[in-house]
Amino acid sequence: MITETRRRFGWRECGLIALILVPLLYLYLIHGAPVAQDRGYHVFADARTCLGLRNFGNVASNIAFLAVGVLGILWCCKSPEAPATRSWLVFFAGVALVFAGSGHYHAAPNDDTLVWDRLPMTIAFMGLFVALLSEHLASALERKLLLPALAVGIASVILWRVLGDLRMYIWVQLTPLLVIPYVVTVFPVRHSHGHYLMYGVGFYALAKIAEHFDYDIFLLTGNMISGHSLKHLLAAVAPLYVLLMLRRRSQSLTPVASSQ
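Criteria and thresholds
Residues numbered from 1 in each chain as written. Predicted model: local features only at pLDDT ≥ 70, side-chain atom pairs only at ≥ 80, totals over all residues. Heavy atoms only, no water. Helix = DSSP H or I, 4+ residues; strand = E, 2+ residues; numbered from the N terminus. Rg over C-alpha atoms; globule rule 2.2 N^0.38 Å. Buried < 20%, exposed > 50% of the residue type's maximum accessible area, 1.4 Å probe, protein only. Contact = heavy atoms within 4.5 Å. Areas by Shrake-Rupley, 256 points an atom, 1.4 Å probe, with all protein chains shown as cover. Expected span 1.5 Å × (residues − 1). Arc of directions from axis to C-beta. Salt bridge = Lys/Arg side-chain N within 4 Å of Asp/Glu carboxyl O. Axes fitted to C-alpha atoms, helices over the stretch in contact; angles between N-to-C directions. Parallel < 35°, antiparallel > 145°, perpendicular 65-115°, else oblique. Left-handed = near helix turned anticlockwise from the far one by under 90°.

### Things to note about the overall build of the protein
The helix and strand inventory of the protein stands at 10 helices and two strands. Ordering the α and β elements of the protein from the N terminus gives β-α-α-α-α-α-α-α-α-α-α-β. By the compact-globule yardstick of 18 Å for 260 residues, the protein fits well, its C-alpha radius of gyration being 19 Å. Summarising its shape, the C-alpha atoms of the protein cover approximately 55 × 40 × 30 Å along the three principal directions. Residue burial in the protein is summarised as follows: out of 260 residues, 48% are buried. Sequence-distant contacts, at least 24 apart, represent 77% of the contacts inside the protein between residues at least 6 apart. In the form shown here, the protein has an accessible surface area of approximately 12800 Å², with 70% of it arising from carbon and sulfur atoms.

### Thoughts on helix α3 (residues 63–78)
With 16 residues, α3 ought to run about 22 Å at 1.5 Å a step, and its terminal C-alpha atoms sit 23 Å apart, in line with that. Burial in α3 covers these residues: A64, F65, V68, G69, G72, W75 and C76. Along the axis of α3, the buried positions cluster into a sector of 120°, meaning they face one direction only. Structural note: α3 exposes I63, C77 and K78 on the side pointing more than 90 degrees away from its buried face. Contacts from the buried residues of α3 go to α4 (85–107) and α10 (227–248).

### Here's the deal with the pattern of salt bridges
Applying the stated criterion to the full structure yields eight salt bridges. Note that D46 is salt-bridged to R48, the shortest N-O span being 2.9 Å. For D46, a relative accessible area of 3% translates into the label buried. A single salt-bridge network, built from bridges that share partners, covers K208, E211 and K231.

### Re the packing of helix α5 (residues 111–136) against helix α6 (residues 140–163)
Their axes nearest at 8 Å, the elements α5 and α6 cross at an angle of 155°. Taken together, the axis directions place α5 and α6 in an arrangement best described as roughly antiparallel. Where α5 crosses over α6, the handedness of that crossing is right-handed. Note on element contacts: α6 touches α5 through L141, E142, L145, L146, A149, L150, G153, I154, S156, V157, W160 and R161, opposite D111, D112, L114, V115, R118, L119, T122, I123, M126, V130, L133 and S134.

Structural data, given as structure tokens:
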């Protein structure tokens, strides 16, 4: 078993805290105004019905999340001694639940069903966030942060639905995407295949681009697949790379720091 060493609070940790808090402060203090849900968000290019299921392409494409999520859960169950296993389990459980939540939403797109689409995504984002912090800073952080982080993620969806303000939800989505490149680049390498996280970020970025060009992609592909359906497939590749990283990496000799 690798013995943990104590880490002093230094510039790396200061930069990480700034990376986490500055976007939140910007959204609430500088941007100021609440961010409302776009009324056109629920209108998608591919609204075709197949096998009696409305918006079939957008619903069926979510099966990719179920496949990756289940594979990830199985890995966690087989690797209970791996670092941050509980957080990775939460991450993959959230990914698997996206299948049900997003499928439910796309079968009848509206704000009420969108809640069930966003809840599992926040669970996945917070699991990923805590896993990264506990693996790169201190393993004890998992025990301290996992439940509070999940509470913040779920609260961000509730705040949006009750107050009509997306700012907290935007921050919950944005923070892990900012943290991943930072911790991979700045903190000492403790596991191999850490660059797979960057591949995951890249595929998630491609997914957001595909989502933006929903109608354009639908037309370019001769109505075969819409940008939003493609978004689901590309977004599912992101956690797949996380799973590949976990399965292929090997621990280095550098110990993980313990909390002070």
